[in-house]
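# An overview of the molecular structure
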Amino acid sequence: MSYSYTFNIPDLPDPPKPARYWSHSHDDAQTAVCEICPQHCRIKPGKAGRCRVRVNEIGTLTTPYYGKYTSLAIDPIEKKPLYHFYPASQILSVGTAGCNLTCTFCQNWQISQGAIPAANLSFMGPARLADLAVGRQMPAVAFTYNEPSIWAEYVIDAARECRKRGLRTVAVTNGLIEGKAREDFYAVMDAVNIDLKAFTDEFYRNLCGGSLEAVKETLRYAVNETDVWVEVTNLIIPGRNDSDGEIAGMTDWFAETLGTETPLHFSAFFPTYKLTDAPRTPAETLYRAMEIAQKSGLRYVYAGNIGGTRGHSTFCPACGEEVISRQGYTTRCQVTGEGKCPKCGASIAGRYSR
Ligand code: SF4
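Let us look at the structure shown here. (Residues numbered from 1 in each chain as written. Predicted model: local features only at pLDDT ≥ 70, side-chain atom pairs only at ≥ 80, totals over all residues. Heavy atoms only, no water.)

## Describing the overall build of the protein
As a reminder of what qualifies: Going along the chain from the N terminus, every DSSP run of H or I of four or more residues is numbered as a helix, and every run of E of two or more is numbered as a strand. Note that the radius of gyration is over C-alpha atoms, with the globule rule given as 2.2 Å times the number of residues to the power 0.38. The contact definition used throughout considers only heavy atoms, calling two residues in contact when any of these lie within 4.5 Å. Using a 1.4 Å probe, the Shrake-Rupley method yields the accessible areas, and only the shown protein chains count as cover for residues.
Of the regular secondary structure elements, the protein holds eight helices and 19 strands. Computed over its C-alpha atoms, the radius of gyration of the protein comes to 20 Å, within 12% of the 20 Å expected for a compact globule of 354 residues. On the principal axes, the C-alpha backbone points of the protein span a range of 65 × 45 × 35 Å. Once local pairs closer than 6 in sequence are excluded, the contacts in the protein between residues at least 24 apart make up 66%. With an accessible surface of roughly 14800 Å², the protein has 49% of that area assigned to carbon and sulfur atoms.

Rendered as C-alpha cells:
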C-alpha cells in the first residue's frame, strides 16, 4: 500500500525567473526558440511553449513555474519506480504542471495536460526544498509527477542545493531533453527512471506527440555517457504496443545499447484520460513481455501496476536467490552494501547502502 504523505507548506513570495536554454529566433528577435527539448518551440511574445510553462515575456523567455509545485509528498523509492537504487528508502517527491508530450493515456493528466495557472500554485525555492528534505530526514529528493525537464532551471538549482546537503537526486522523466539542458540536468542527478513508451515512431507521433528516436538517444546518453543510475519503464497498452515483435525489437535493442544490467519495468495500463477504449493490461501480457526480455538477455525485468507475487522481486542472476523481496511497497533488501548477493557473492547491479 502506498504511504504518500502530503505537506501543507505556507506560500512564500516567488521571484520572476528568466529561462536558460533558449535563443532569439534568427528571423525575429522577439521570438524565442526554446532549446530544452526536440519540440524546439518558437514562442512569440505573450505565448507559451507546447509544455505551457515556458513563456515569452516581451521577447525574453521566462519560467513562471520556477519553484511552483502542484504535488509534494513522501513516497517509497519503489514507487518511482527505482528497484536497484537504495531499496526500501523513502524519497521527498515534487512536481509542477505541464508536459512536453501530450500522451492520450497519461495517468497524471490533471497536472500534465490541464491549464493550471502559476499564480494558483505555492512557491518553494531550491534551498527551501532541500532544507525540507533534511528536516524530514529524507535521504533523497525526486523530481516527478509531471515531466521535470520542462522546469529544468528549477530542477537543476534544487538538485544542486540537495547535493550540498548530502542528499541524492532522482528524476522520473520521458527522456525528451537534449543539448546543454540535458548535459546540465544529468550532471546533477544520481538516478533516473526514463519512460520508453513504445518502440515505434508511429506510437510516439500519434499517441504522445513526440519522437522515439529522441528518447532512444537520451537513454543511450544516460547509460553510456553519464554516471547516473538508470532504470526504464515501458507501459504496455493492449492493441497499441503489446505485440511480441515490438517487444522483442525493443528488448534486443535495449540489451545491445543499454546493457543487460539495466532494469526494465513493464507496467500495466488502465483506461484513463483520452484512451478509454483500450482494456486494462492483463497480467499475462506483462509476464509474456518479461519472458521476451529475459530471452534478450536482460537480467532485471519487472512487472508493475499489477497485484500478485510474480514480477516484483529481484533474484540473483548467478544463483537465483531472492535478494530483494517486494510485496506492494514493503521491501526487504538483502543485497550487501557492496552490491553483492548474500548467498553466492555475485554482483547485483545498482546502488546500495553501506
Ligand atoms: S521544453 Fe517546452 S517550450 Fe521548450 S521546446 Fe520543449 S515543449 Fe517547447
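## What about the pattern of salt bridges?
Stated formally: Whenever Lys or Arg places a side-chain nitrogen within 4 Å of a carboxyl oxygen from Asp or Glu, that contact is recorded as a salt bridge. Partly exposed describes any residue whose relative accessible area lies between the buried limit of under 20% and the exposed limit of over 50%, with all areas from a 1.4 Å probe on protein chains only and scaled to the type maximum.
Here the structure, examined in full by the defined rule, presents 23 salt bridges. Asp 131 is the salt-bridge partner of Arg 165, the closest N and O atoms lying 2.7 Å from each other. Of this pair, Arg 165 sits in the loop between helix H3 (152–164) and strand S12 (168–173) while Asp 131 sits in helix H2 (residues 126–135), placing them 34 residues apart in sequence. Among the residues examined, Asp 131 registers a relative accessible area of 42% and is labelled partly exposed. Across the pair Arg 220 and Glu 225 runs a salt bridge whose closest N-O atoms are separated by 3.0 Å. Salt bridges linked by common partners bring Asp 131, Glu 161, Lys 164 and Arg 165 together as one network.

## Things to note about H3
The following threshold applies: In a helix, the anticipated span is given by 1.5 Å times the number of residues less one.
Helix length check: H3 (13 residues) gives 18 Å between terminal C-alpha atoms against 18 Å at 1.5 Å per residue, within 8%. By the criterion of burial, H3 is predominantly enclosed, with 10 of the 13 residues buried. Within H3 the residues assigned to the buried category are Ala 152, Glu 153, Tyr 154, Val 155, Ile 156, Asp 157, Ala 158, Ala 159, Glu 161 and Cys 162. Contact partners of the buried residues in H3: H2, strand S11 (140–143), S12 and helix H4 (179–187). One or two positions beyond H3, positive phi appears at Gly 166, with a value near 80°.

## With respect to the pairing of S11
Applied cut-off: At least two DSSP bridges between two strands are required for those strands to pair. By convention a crossover is right-handed if, when the strands point away from the viewer, the path from the first strand over the helix to the second runs clockwise.
Along S11, one buried face is formed by Ala 140 and Ala 142 and the opposite face, lined by Val 141 and Phe 143, is buried too. Two strands pair when backbone bridges link them, and strand S9 (residues 90–95) and S11 are joined in this way by three bridges, in the parallel orientation. Of the residues in S11, the one forming a bridge with Val 94 is Phe 143. Examined bridge by bridge, S11 and S12 share four bridges and lie parallel to one another. Across the sheet, Phe 143 pairs through a bridge with Ala 171, a residue of S12. At this point the chain moves from S11, through H3, to the parallel S12, and the crossover so formed is right-handed.

## Some details on the sheet that holds strand S18 (residues 322–327)
On the basis of which strands lie adjacent, the open sheet formed by three strands has the order S17-S18-S19 and antiparallel pairing. Across the chains shown, the open sheet's two edge strands, defined by having one partner strand only, are strand S17 (314–315) and strand S19 (330–333). Of the pairings in the sheet, the one linking S18 to S19 comprises four bridges and is antiparallel in character. What sits directly across from Gln 327, in S19, is Thr 330.

## Some remarks on the side chain of Glu 147
Our working rule: Residues counted as positive are Lys and Arg, residues counted as negative are Asp and Glu, and His and the chain ends are not counted. What qualifies as a polar contact is a pair of N or O atoms within 3.5 Å, subject to a donor-acceptor requirement within protein and to the restriction that residues adjacent in sequence count only when both atoms come from side chains.
In this structure, Glu 147 sits in the loop between S11 and H3. For the buried Glu 147, no salt bridge is present, and the opposite-charge side chain at shortest range is Lys 197, 7.3 Å distant. In terms of polar contacts, Glu 147 uses its side chain to reach the side chain of Thr 173, at 2.8 Å. Among the polar contacts listed, one links the side chain of Glu 147 to the backbone nitrogen of Asn 174, at a separation of 2.7 Å. Not counting chain neighbours up to four residues away, the residues in contact with Glu 147 comprise Gly 98, Cys 99, Asn 100, Val 172, Thr 173 and Asn 174.

## Quick look at the site of the ligand
Counted only if it meets this: Each residue is tested against the molecule or strand, and it is near if at least one of its non-hydrogen atoms lies within 4 Å. Polar here means any residue other than Ala, Val, Leu, Ile, Met, Phe, Trp, Tyr, Cys and Pro, which are nonpolar, and Asp, Glu, Lys and Arg, which are charged; Gly is therefore polar.
Around the ligand sit Cys 34, Ile 36, Cys 37, Gln 39, His 40, Cys 41, Ile 43, Gly 49, Arg 50, Cys 51, Arg 54 and Asn 100, and those are all the residues in its vicinity. Here the residues of the shell around the ligand are counted per class, giving six nonpolar, four polar and two charged.

## Quick word on the pairing of strand S15 (residues 264–268)
Judged by how many residues are buried, S15 sits mostly within the fold: five of five residues are covered. Pairing analysis gives five bridges linking strand S14 (residues 229–236) to S15, with the strands arranged parallel. Its bridge partner lying in S15, Thr 233 is registered against His 265. When S15 meets strand S16 (residues 301–304), the two strands line up parallel, connected through four bridges. Residue pairing in the sheet places Ser 267 in a bridge with Gly 304 of S16. Read from S15 through helix H8 (residues 283–295) to S16, the crossover connection turns out right-handed.

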